[in-house]
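Single-letter residue listing:
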Amino acid sequence: MRTDTPATIYRQDYLPPSYLVDTVELGFDLDPARTIVASRLTMRRNPDSAERAIVLCGENLELVALRMNGKTLGKREYAIDDKTLRIPNAPERATLEIETLTAPRQNTTLNGLYVSNGNFFTQCEAEGFRHITYFPDRPDVMAKFTVMLRADKQRYPVLLSNGNLIEEGDLGDGRHFAKWEDPFKKPSYLFALVAARLECQEETFALADGREALLQVWVEEGNLDKTNYAMQSLKNSIRWDEQRYGLELDLDRFMIVAVGDFNMGAMENKGLNIFNTKYVLANPRVATDTDYAGIEAVVGHEYFHNWTGNRVTCRDWFQLSLKEGLTVFRDQEFSADMIGTDSGRAVSRIEQVRTLRQAQFPEDAGPMAHPVRPDSFVEINNFYTVTVYEKGAEVVRMIQTLVGREGFRKGMDLYFARHDGQAVECDDFRRAMADANGRDLAQFELWYSQAGTPVVRADTSYDAEAKTYTLTLSQSCPPTPGQQSKAPFHIPFAVGLLGANGRDLPLTIDGVAHGTGAVLELLEARQRFVFTDVAEAPTPSLLRDFSAPVILEYDYSDAELLHLFSHDSDPVNRWEAGQRLAMARLLKLTAAVAAGAKLELDETFINALRKMLSDASLDAAFREQALLLPSESMIADQLETVNPQAIHLARQFMRRTIGTELRADLFAQYDANQTPGPYSPDAGSAGRRGLKNLALAYLAAAPSPANNALAKMQFDTAGNMTDRVAALGALIHAEAEYASDALARFYDDFEHEALVVDKWFSMQAAAPGTDVAAVRELMLHPAFNIKNPNRVRSLVFAFCAGNPAQFHAADGSGYAFWAEQVGALDALNPQVASRLARSMDRWRRYAPALQLPMKKALQQVAKGKKLSNDVREVVGKALTN
Ligand code: ZN
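Conventions and cut-offs
Residues numbered from 1 in each chain as written. Predicted model: local features only at pLDDT ≥ 70, side-chain atom pairs only at ≥ 80, totals over all residues. Heavy atoms only, no water. Helix = DSSP H or I, 4+ residues; strand = E, 2+ residues; numbered from the N terminus. Rg over C-alpha atoms; globule rule 2.2 N^0.38 Å. Buried < 20%, exposed > 50% of the residue type's maximum accessible area, 1.4 Å probe, protein only. Polar contact = N/O pair within 3.5 Å; in protein donor to acceptor, adjacent residues only side chain to side chain. Contact = heavy atoms within 4.5 Å. UniProt positions renumbered as here; feature names shortened; annotations may be inferred. Expected span 1.5 Å × (residues − 1). Axes fitted to C-alpha atoms, helices over the stretch in contact; angles between N-to-C directions. Parallel < 35°, antiparallel > 145°, perpendicular 65-115°, else oblique. Left-handed = near helix turned anticlockwise from the far one by under 90°. Donors = N, O, S within 2.8 Å, 3.2 Å for Na, K, Ca; no water. Tetrahedral: all angles 85-135°; square planar, octahedral: opposite > 155°, others 65-115°. Core = buried A, V, L, I, M, F, W, Y, C linked by side-chain atoms within 4.5 Å. Phe/Tyr/Trp six-rings, centres within 6.5 Å; stacked < 30°, edge-to-face > 60°. Lys NZ or Arg CZ within 6 Å of the ring centre and 35° of its normal. Pairing = 2+ DSSP bridges. 1 Å grid on protein atoms, 1.4 Å probe; cavity = no way out; pocket = protein on both sides within 12 Å on 5 of 7 lines; lining within 4 Å. Points joined across faces, edges and corners; volume = space filled by probe spheres on them. Nonpolar A, V, L, I, M, F, W, Y, C, P; charged D, E, K, R; others polar.

Engineer: Sorry if this is basic, but what is going on with the overall build of the protein here?
Structural biologist: Tallying secondary structure elements over the protein gives 26 helices and 33 strands in all. Its C-alpha atoms give the protein a radius of gyration of 28 Å, near enough to 29 Å, the size a compact globule of 881 residues would have. When the backbone C-alpha atoms are referred to their principal axes, the protein occupies close to 90 × 65 × 60 Å. A burial count over the protein gives 60% of its 881 residues as buried.

Engineer: Sorry if this is basic, but what is going on with the side chain of aspartate 316 here?
Structural biologist: Counting through the fold element by element, aspartate 316 comes out in the loop between strand 22 (313-314) and helix 3 (320-339). A polar contact is formed between the side chain of aspartate 316 and the backbone nitrogen of phenylalanine 318, at a distance of 2.9 Å. Once residues within four sequence positions are removed from consideration, aspartate 316 is found in contact with Tyr14 and Pro139.

Engineer: Got a minute to help me understand the environment of aspartate 152 in this structure?
Structural biologist: For aspartate 152, the position within the fold is in strand 12 (residues 144-152). In this structure, the C-alpha to C-alpha distance between aspartate 152 and phenylalanine 177, residues 25 residues apart in sequence, is 8.8 Å. The residues contacting aspartate 152, other than those within four sequence positions of it, are Gly174, Arg175 and His176. At 3.0 Å, the side chain of aspartate 152 forms a polar contact with the backbone nitrogen of glutamine 154. At 3.0 Å, the side chain of aspartate 152 and the backbone nitrogen of arginine 155 are in polar contact.

Engineer: Is there a simple way to think about the UniProt feature "domain: Peptidase M1 alanyl aminopeptidase C-terminal" (unreviewed entry) in the protein in this case?
Structural biologist: Sequence positions flagged by UniProt for "domain: Peptidase M1 alanyl aminopeptidase C-terminal" (unreviewed entry) are, in local numbering, residues 558-879. End C-alpha atoms of residues 558-879 are separated by 40 Å, and the span's content is 72% helix alongside 0% strand.

Engineer: Looking at this structure, I do not really get helix 2 (residues 289-304). What am I missing?
Structural biologist: One turn of the α-helix equals 3.6 residues, which is why residues spaced by three or four share an orientation. Relative to the 22 Å expected for 16 residues at 1.5 Å per residue, helix 2 spans 22 Å between its end C-alpha atoms, a close match to the ideal helical length. Counting buried positions over the 16 residues of helix 2 gives 14, a clear majority of the element.

Engineer: When you look at the packing of helix 4 (residues 342-364) against helix 9 (residues 571-595) in this model, what are you seeing that I'm missing?
Structural biologist: Helix packing geometry: the angle between the two helix axes and the distance between the axes. Running from N to C, helix 4 and helix 9 point in directions that differ by 45 degrees, and their axes come no closer than 9 Å. Here helix 4 is positioned oblique relative to helix 9, judged by the angle of their axes. For the crossing formed where helix 4 meets helix 9, the hand is right-handed. Where helix 4 abuts helix 9, its residues Ala346, Arg349, Ile350, Val353, Arg354 and Arg357 lie against Pro571, Val572, Trp575, Glu576 and Gln579.

Engineer: Looking at this structure, how should I read the coordination of the zinc ion?
Structural biologist: Geometry sets the ideal angles at a metal, namely 109.5 degrees for four tetrahedral donors and 90 or 180 degrees for six octahedral donors. Coordination of the zinc ion by the protein is provided by His301 (NE2), His305 (NE2), Glu324 (OE) and Glu324 (OE), with metal-donor distances spanning 1.9 to 2.7 Å. Coordination at the zinc ion is irregular, judged from the 4 donor atoms that bind it and the angles of 54 to 160 degrees they form at the metal. Read in sequence order, the donor residues coordinating the zinc ion give the pattern H-x3-H-x18-E. Separated by 23 residues along the polypeptide, histidine 301 in helix 2 and glutamate 324 in helix 3 bring together distant segments of the chain. Comparing histidine 301 with glutamate 324 shows no difference in burial state: the two are buried.

Engineer: Looking at this model, I keep getting lost on the nonpolar core. Mind explaining?
Structural biologist: Within soluble globular proteins, side chains that are nonpolar tend to cluster in buried spots. Membership of the largest hydrophobic core comes to 281 residues, with the highest contact counts inside it found for Phe408, Phe429 and Trp818. Considering every element that reaches this core, the biggest residue donor is helix 5 (residues 386-419), with 13 residues. Not counting the four nearest positions on each side in its chain, tryptophan 818 is found in contact with Cys800, Phe807, Leu836, Ala837, Ser839, Met840, Ala857, Leu858, Val861 and Val875.

Engineer: Would you mind going over the packing of aromatic side chains with me for this structure?
Structural biologist: Under the criterion given, the structure shown has 39 aromatic pairs. With 5.8 Å between their ring centres and 10 degrees between their planes, phenylalanine 28 and phenylalanine 191 make a pair best called stacked. With phenylalanine 28 in strand 2 (residues 19-29) and phenylalanine 191 in the loop between strand 15 (175-181) and strand 16 (193-196), this residue pair connects regions lying 163 residues apart in the sequence. For phenylalanine 191, a relative accessible area of 0% translates into the label buried. On the numbers, 6.5 Å between centres and 35 degrees between planes, the contact of phenylalanine 361 with phenylalanine 546 is tilted. Here the residue phenylalanine 361 occupies a position in helix 4, and phenylalanine 546 occupies one in the loop between strand 32 (539-542) and strand 33 (551-553), the gap between them amounting to 185 residues. We classify phenylalanine 361 as buried; its relative accessible area is 7%. In textbook terms, an aromatic cluster arises when at least three aromatic residues are bridged by ring pairs, as seen for Trp240, Tyr245, Phe254, Tyr303, Phe304, Trp307, Phe329, Phe334, Phe408, Tyr415, Phe416 and Phe429. The ring of phenylalanine 184 carries lysine 270 above its face, with NZ or CZ at 4.3 Å from the centroid.

Engineer: Just checking my understanding: could you explain unusual backbone geometry for this structure?
Structural biologist: Across the chain, the bulk of peptide bonds are trans and the bulk of non-glycine residues have phi less than zero. Cis geometry is adopted by the peptide bond preceding alanine 126, which originates at glutamate 125 and carries an omega value of -5 degrees. In this structure, alanine 126 sits in the loop between strand 11 (119-123) and strand 12. Despite not being glycine, asparagine 69 shows a phi value in the positive range, around 45 degrees. Counting through the fold element by element, asparagine 69 comes out in the loop between strand 5 (62-68) and strand 6 (71-72). The backbone phi angle of leucine 110 is positive, close to 60 degrees, even though this residue is not glycine. Among the secondary structure elements, leucine 110 is positioned in the loop between strand 9 (93-102) and strand 10 (112-116). With relative accessibility at 5%, the residue leucine 110 sits in the buried group.

Engineer: Hey, could you run me through the sheet that holds strand 8 (residues 84-87) in this one?
Structural biologist: Two modes of strand pairing occur in sheets, parallel and antiparallel, and in both the strands are linked by backbone hydrogen bonds. As summarised here, the arrangement of the 3 strands in space is 4-8-7, forming an open sheet in which the pairing is antiparallel. In this open sheet, the two strands that pair with only one neighbour each are strand 4 (54-57) and strand 7 (79-80).

Engineer: What am I meant to see in empty space enclosed by the protein here?
Structural biologist: One simple way to see leftover space: roll a probe sized like a water molecule over the atoms. Considering all chains together, one arrives at 3 cavities of 30 Å³ or more under this definition. Reported here for the largest cavity is a volume of approximately 40 Å³. Lining the largest cavity are Thr108, Ile786, Lys787, Asn788, Pro789, Val792, Leu825, Leu828, Asn829 and Val832. Across the lining of the largest cavity, the residue classes tally to 6 nonpolar, 3 polar and 1 charged.

Engineer: What is the right way to read the side chain of aspartate 182 from this model?
Structural biologist: Residue position: aspartate 182 is located in the loop between strand 15 and strand 16. Overall, aspartate 182 belongs to the buried group, its relative accessible area being 2%. There is a polar contact of 3.0 Å between the side chain of aspartate 182 and the backbone nitrogen of phenylalanine 184. A distance of 2.8 Å separates polar atoms of two side chains, one belonging to aspartate 182 and the other to lysine 186. Not counting chain neighbours up to four residues away, the residues in contact with aspartate 182 comprise Lys144, Phe145, Asn162, Gly163 and Lys270.

Engineer: I tried to follow the pairing of strand 10 on my own but got confused; where do I start?
Structural biologist: Summarising burial for strand 10: 4 of the 5 residues are buried, a large majority. In this structure, strand 10 lies alongside strand 11, joined through 5 bridges in antiparallel fashion. Residue pairing in the sheet places leucine 113 in a bridge with threonine 122 of strand 11. Taken together, strand 10 and the strand that follows it, strand 11, pair antiparallel across an intervening segment of 2 residues, in which asparagine 117 is found at a positive phi of about 50 degrees.

As structure tokens, this is what we get:
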């Protein structure tokens, strides 16, 4: 039964499972219309539980048979509703045999067992397994799985599951079977099967201890020319985890399978990772530098989960960040190490900061704000968030900053020594780190329990006589839903002081020398740090390397920022100084647009950009970052009242002015950063392409026949997808005459490459000239398919979340469109619908004329009779918080 107010689940209410499961034997008779699942569970009472009943989860299942210890259970011996099967008064030990029926072809949710392009796949995290069979579907129940798959041999020649293949053969009747055994205990959310017509790239790979592992990347026919990079990334991941953490692959076989219909990026099922095609398929013709980087990061992420997530898993879903925050941190470090240079490491750090500001800070300031370890949820799928993932990774990174790299490794070793094979809590990770290093991380716990982005205010004063420099730091954190007041956080705060010559000054605090960089520990609401022997009035470089996920307030003068932008030895703060210079001007311009005043940009700023653009002593990738402006949503975040059109015009004005004023320099850098020869996705080449294509984008922001001709030339001659999409984007944004021809040609050339068609849709959806009517038109295109999440993200999400000036059209048409699409998607796939629903999170911050229609649209969605819990929770919180 569905009720209007779905149940909230609280972390405090955790109870251990009543029964433990030792072994699971699963038998699948796979048929898209009607799949029979037979399960045999050996269970025993949990000594840690007072509950006497066996409690199994199950949804949308047809129960065919139920036996306990060999005897069929009568209707009065168990209770069943739409979510649970209960067997009261069960014996100490029970062998359950359960047969259920499901209809995978009808399953449009892509959760549980489903069909994609005629093939079978599963997705069980977080609570999908209960859509496959009755089971104690919670991560603290870990069992050994054996899986028998039976299916038509012609249509499903490949039958995969977790662990090792122990038997396969023919069944005679046109069907065949495969039996898989996973030697490791695992929670049900890590179960997976694939039954499909697929091909694989495979090789054996020598592990550190001398064992050989079979590595496979499985894809649909015709895609074997796009698996090399994923395979290479997998091998790099295995090596990296051996070398950096001493963690080895624990299976003889490791498989990656790509599927076109997938709700998220990828899934770390034990030994059988299932991936969105977006994070597997790449060759220079179809994938961009960004795509390559995404593949490396996600392949790494899922592989690293094998230890941080699978071998040590979560006690309950409130602990999600235990595995996700830690594993994001690990994949970030992996990607940075793969670049290998200090400058490359800094660029990847800058990209992380950008993601936090673009997505996590707004979440932390909105109606869905929650701690890294949430206290409650209605639908766990709504909590796979940038807070749990990216802020969670920042929290882990701060621990490393506090205990040092070696100390962190000691903490990891202790964590595995203590908890291998267990389902544990975030606190257990923190305790291992504290114990291994003899550190008190008690106050640090607040990073897990308090939501909201802390604000650190810095004030400084220099005493020329005493040669002391005093830095006063005060912290506060705004209220978030359910948390009115916050206690002070334990904040690692990295600083340096620059002299007038741009060099770092030596730091001495309380008589202790700190070289040229110190990590201060801010523990109180307000704390003073006094630097002694400071020979001259310095320029402070604060929060170096973004040492904590906070908002830093400091009244920098333009002169100080320009000094830091030219000289800071910390590249992240060098970049940050440029962002501050740009943001101050963007805010002024936004106000000027709204007031109808004249728009102007100062020479000093332009010249600082010019110098940065042409400074050949800096990597191209860094210069690209330094020249990228804060996004429209970052600007919106700085404003009390958001006017999306004014922000857009202000930013466009700045881009156009840069394109005009720096024209000659942009052309020069365009030429200087060519990458002749065959395409390579390495960071150096990608950085040059990035800077060159940013130059092209700025030139396109100030269209002229010559600028447009350059874009056309690049489009016509591009030898790789990075350059092709950059040129197409430039043509579209310049509204060049050639743009529509180019779009048509692009589609013709790539209509059979789904991931490229996604790009074709998303470039149009995010273009400044695309209004709601144009998006509706695109939805009628034969290639649009509302059941495919990638396609929906490329068009509907790209518009609602990526084209603010059009989405927030004054007539409210964008909001009506949003409400319609959330409703339509919810009937098919609640997880995807609920993500789209979140694009209205920040409605209260818009000008009153927009707020009202936004609220109406939210209310209209909330009224929906058959609304999923997923969407209900999101729109409910948007309306009440
Ligand atoms: Zn993950």
